[in-house]
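Reading the structure
The chain contents come next:
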Amino acid sequence: VSAAYDYHHAADLDDALHLLAKYEGDAFAMAGGTSLVLMMDNGLIRPGHIVGLRGITALRGIEQGTNGRLTLRALATHRDAERSPLVRSHCPALAEAFARVATVRIRNQATVGGNLAHADPAQDPPPMLLALDGEVDIVSLSGRRTVPLDGSFFRGMFETVVADGELLTAIHVPPLPDGARATYVKFLPRTVDDYATVAVAAVLARDDDGRCTHVRIALGAAGPVAFRAHAAERALAGRPVDERAIADAADLAAEASDPIADLRGSVAYKRQMVRVWTARALRSLIPRAAVA
Amino acid sequence: VTVNGSPRSLEIASERLLIDVLREDLGLTGTKRGCSIGVCGACSVTVDGELISACLYPAVFADGAAVGTVEGLAEPDGRLSPVQNAFIENGGFQCGICTPGQLVAATALLSEQPRPTEAEIRSYMTGNLCRCTGYQRILRSIESAAAASGNA
């Protein structure tokens, strides 16, 4: 059972930022609440104040700009994202990554912004958003900054660059390069609502000769944070995407991973699964006949 | 807050969860506490029509909203809903502890998608566990409820 806290219903974004500033150091922002409730129930955090964001209507919704950029506002739920025609037409694999999270009940309550801010390394959307070159808007009373997910956003397990007094307000996803295809694969040997044993998000485009012109490989549940496997990407860039190149990339992805041993497997097993599922993800992005 | 169609007014501590307010303050013990971490589905209820886990839902979120629990499925005169009847006719429960959640979830599914495919039922109902493992009959019950309301 959670320790007592004061709940402050923020009327708008400005109100929320003032409340966070007022109670700085003793406040958490709550969107859907699925993660915070569990963390408070377990005594992992004991804030004196919760700033409730759900009344901030300006932070809801999903839209696509004239430049083709997709924007998911922080309070869009996972269910909103998985069912949004805009998300599906932008990138079906992104809709799929949101749909793979837990169960309908969680996806009705949990928000896309909260998912990133929670920074659970085994969550589904982060690797897909990393592979799609996603970036986030972070707002405070002193201004707004836009931070790419790759490299700088996730700082550690349950830790991001979002500082006290700041709020993550939106996720932006640029249009995919011409001809690029994307996939999200989640290795689930136990139950379909489980966390991934390992997960791989990949985006790949090839020229007419079958050479890789664009590649992104991002891993989930393979380290303290979701991350891009840059060395694996470099192994493919400019090369014909054949079995040898795929095997090289898969080896490098496994080498880059730093999973924890838990009930889903040992470190060595999970590394091997990163190798297997990276190769499968990449193969799924090219027509069968084109794999030499 | 409106609970099963009746307006209710109550003052609660901000850290309390919807499941406890329903069970302890409102006496609606049909909503069961199972895993307490949003996995098992025994505490499935709807808020403004959306299925959620009452064990993960701060009660303050329901301020001004319409909450639906298993107690609200039947008609006020006691006539059971099509989903409830289908579960009885098809043996959709064994020990019964998961049944309130199964009924609420199945009802939410059919209001979103009145004629779901078997795959859609399986996908939507993934989060409602039955430790008796009576899943085939739960599936058949929902299919039968969908068919029944389709004929009506």
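One can find the structure itself at the top, above this paragraph.
All values reported here derive from a predicted model rather than from experimental measurement. For every chain, the first residue of the written sequence is number 1, and numbering continues from 1 onward in sequence order. Numbering of ligands from 1 and lettering of chains from A proceed in the order in which they are written. Whole-chain, interface and lining totals are the exception, using all residues; otherwise, since this is a predicted model, local features are given only for residues with pLDDT of at least 70 and side-chain atom pairs are given and counted only at 80 or more. To obtain the side-chain values, all non-hydrogen atoms of the structure were included, while hydrogens and water were left out.

Details of helix H2 (residues 34–41) of chain A
Residues and elements named next belong to chain A. Counted only if it meets this: Only protein chains enter the accessibility calculation, which uses a 1.4 Å probe; a residue is then buried when its area is under 20% of its type maximum, exposed when over 50%, and partly exposed in between. Going along the chain from the N terminus, every DSSP run of H or I of four or more residues is numbered as a helix, and every run of E of two or more is numbered as a strand. It only takes one pair of heavy atoms within 4.5 Å for two residues to be counted as in contact.
Considered for burial, the residues of H2 that qualify are Thr-34, Leu-36, Val-37, Met-39 and Met-40. Structurally, H2 contributes buried residues whose contacts are with strand S2 (27–30), strand S3 (49–52), helix H6 (104–109) and helix H7 (112–118). Just downstream of H2 lies Gly-43, where phi reads positive at about 70 degrees.

Topic: the pairing of strand S6 (residues 135–140) of chain A
Residue and element names in this part refer to chain A. Here is the rule: Strands are treated as partners if at least two bridges between them are detected by DSSP.
S6 sits mainly inside the fold: five of its six residues count as buried. Bridging between S6 and strand S7 (residues 143–148) involves six bridges; their strand directions are antiparallel. Within S7, the position partnered with Glu-135 by the bridge is Pro-148. Bridge count between S6 and strand S10 (residues 167–173): five bridges; the pairing is antiparallel. Bridge pairing in S10 links Val-139 to Leu-167.

What about the packing of helix H2 (residues 82–89) of chain B against helix H3 (residues 99–112) of chain B?
Residue and element names in this part refer to chain B. Under the convention used in this document: Convention adopted: a line fitted to C-alpha atoms gives each axis, helices being fitted over their contacting stretch, and angles between N-to-C directions are expressed from 0 to 180 degrees. Roughly parallel here means an angle under 35 degrees, roughly antiparallel means over 145, roughly perpendicular means 65 to 115, and every remaining angle is called oblique. Each crossing gets its handedness from the near helix: less than a right angle anticlockwise from the far helix is left-handed, clockwise is right-handed. All amino acids are sorted into three groups, where Ala, Val, Leu, Ile, Met, Phe, Trp, Tyr, Cys and Pro are nonpolar, Asp, Glu, Lys and Arg are charged, and the leftover types, Gly among them, are polar.
Relative orientation of the contacting elements H2 and H3 amounts to 125 degrees, with a least axis distance of 9 Å. Comparing their axes, H3 and H2 come out oblique. Considering how the two elements wind past one another, H2 and H3 form a crossing that is right-handed. For the pair H2 and H3, contact is made by Val-83, Gln-84 and Phe-87 and by Gln-102, Leu-103, Ala-106, Thr-107 and Leu-110, respectively. Partitioning the contact of H2 with H3 into residue classes produces five nonpolar, three polar and no charged.

Structural notes on the layout of surface pockets
As a reminder, the rule being used: Definitions used for this entry: grid spacing 1 Å over protein atoms alone; cavity, a set of points where a 1.4 Å probe fits but cannot get out; pocket, an open set with protein on both sides within 12 Å along at least 5 of 7 lines; lining residue, one with an atom within 4 Å of a point. Grid points are joined across faces, edges and corners, and a volume is the space filled by probe spheres set on the points.
Its boundaries defined by the atoms lining it, the second largest pocket holds a volume of some 540 Å³. As for the second largest pocket, its lining consists of 24 residues, of which Arg-54, Arg-60 and Asn-108 of chain A together with Tyr-57 and Phe-61 of chain B are closest to the centre. At the level of elements, strand S1 (6–9) and H6 of chain A together with strand S4 (50–53) of chain B are the ones that each hand at least two residues to the lining of the second largest pocket. Taken together, the residues of the lining of the second largest pocket sort by class into 10 nonpolar, eight polar and six charged.

Topic: the interface of chain B and chain A
Quick reminder of the rule: Simply put, the buried area is the total loss of 1.4 Å probe accessible area from both parts when two parts are fitted together. In the sections that follow, a salt bridge refers to a side-chain nitrogen of Lys or Arg positioned within 4 Å of a carboxyl oxygen of Asp or Glu.
Between chain B and chain A, the contact holds 25 residues from the first and 25 residues from the second. Buried area between chain B and chain A, summed over both chains or domains, comes out near 2,000 Å², and the portion from carbon and sulfur atoms is 56%. Interface area lost by chain B to chain A is led by Glu-15, Leu-56 and Phe-61 of chain B, which between them contribute 32%. Linking chain B to chain A there are two salt bridges.

Notes on the packing of aromatic side chains
To keep things clear, this is the line we draw: Working definition: rings of Phe, Tyr and Trp (its six-membered ring) pair if their centres are within 6.5 Å, and the pair is stacked with planes under 30 degrees apart, edge-to-face with planes over 60 apart, and tilted otherwise. Over a ring means this: the NZ of a Lys or the CZ of an Arg is within 6 Å of the ring centre and within 35 degrees of the ring normal.
A full pass over the atoms with the stated rule returns four aromatic pairs over all chains. For the ring pair Phe-153 of chain A and Phe-154 of chain A, a centre distance of 4.9 Å and an interplane angle of 80 degrees mean the geometry is edge-to-face. The class of Phe-153 of chain A is buried, set by a relative accessible area of 0%. For Phe-154 of chain A, a relative accessible area of 10% corresponds to the buried category. Between Tyr-57 of chain B and Phe-61 of chain B, the aromatic rings sit 5.4 Å apart at their centres with planes inclined by 85 degrees, giving edge-to-face as the arrangement. Take Tyr-57 of chain B: its relative accessible area is 4%, and that puts it in the buried class. Pairwise contacts between aromatic rings join Tyr-7 of chain A together with Tyr-57 and Phe-61 of chain B into one cluster. Directly above the ring of Trp-277 of chain A sits Arg-280 of chain A, whose terminal nitrogen or CZ lies 4.8 Å from the centroid.

So, the sheet that holds S1 of chain A
All names here are of chain A. Within the open sheet, the three strands sit side by side as S1-S3-S2. Their pairing is parallel. Edge positions in the sheet fall to S1 and S2, since each has one partner strand and no second. Sheet twist, expressed as the average angle between the axes of neighbouring strands with direction ignored, equals 25 degrees. Relative to S3, S1 runs parallel, the two being bridged by four bridges. Of the residues in S3, the one forming a bridge with Tyr-7 is Ile-50. Its contacts with the sheet put H2 on S2 and S3, and the angle it makes with S2 is roughly 140 degrees.

Overview of the pattern of salt bridges
Inspection of every chain in the model, using the stated rule, returns 26 salt bridges over all chains. In this structure, Arg-79 of chain A and Glu-112 of chain B form a salt bridge, with 3.1 Å as the shortest nitrogen-oxygen distance. Of this pair, Arg-79 of chain A sits in helix H3 (residues 78–83) while Glu-112 of chain B sits in helix H3, each in a different chain. Under the relative-accessibility criterion, Arg-79 of chain A is labelled buried at 6%. Taken together, the shared-partner salt bridges in this structure form one network comprising Arg-79, Glu-82, Arg-83 and Arg-107 of chain A together with Glu-112 of chain B.

Describing unusual backbone geometry
Of note, the phi angle at Asp-133 of chain A is positive, near 60 degrees, even though the residue is not glycine. Locating Asp-133 of chain A in the fold gives a position in the loop between helix H8 (125–131) and S6. Owing to a relative accessible area of 29%, Asp-133 of chain A belongs among the partly exposed residues under this scheme. Unlike most non-glycine residues, Asn-4 of chain B shows phi in positive territory, near 50 degrees. By secondary structure assignment, the location of Asn-4 of chain B is in the loop between strand S1 (2–3) and strand S2 (6–7). Of the residues examined, Asn-4 of chain B reaches a relative accessible area of 28% and is grouped as partly exposed.

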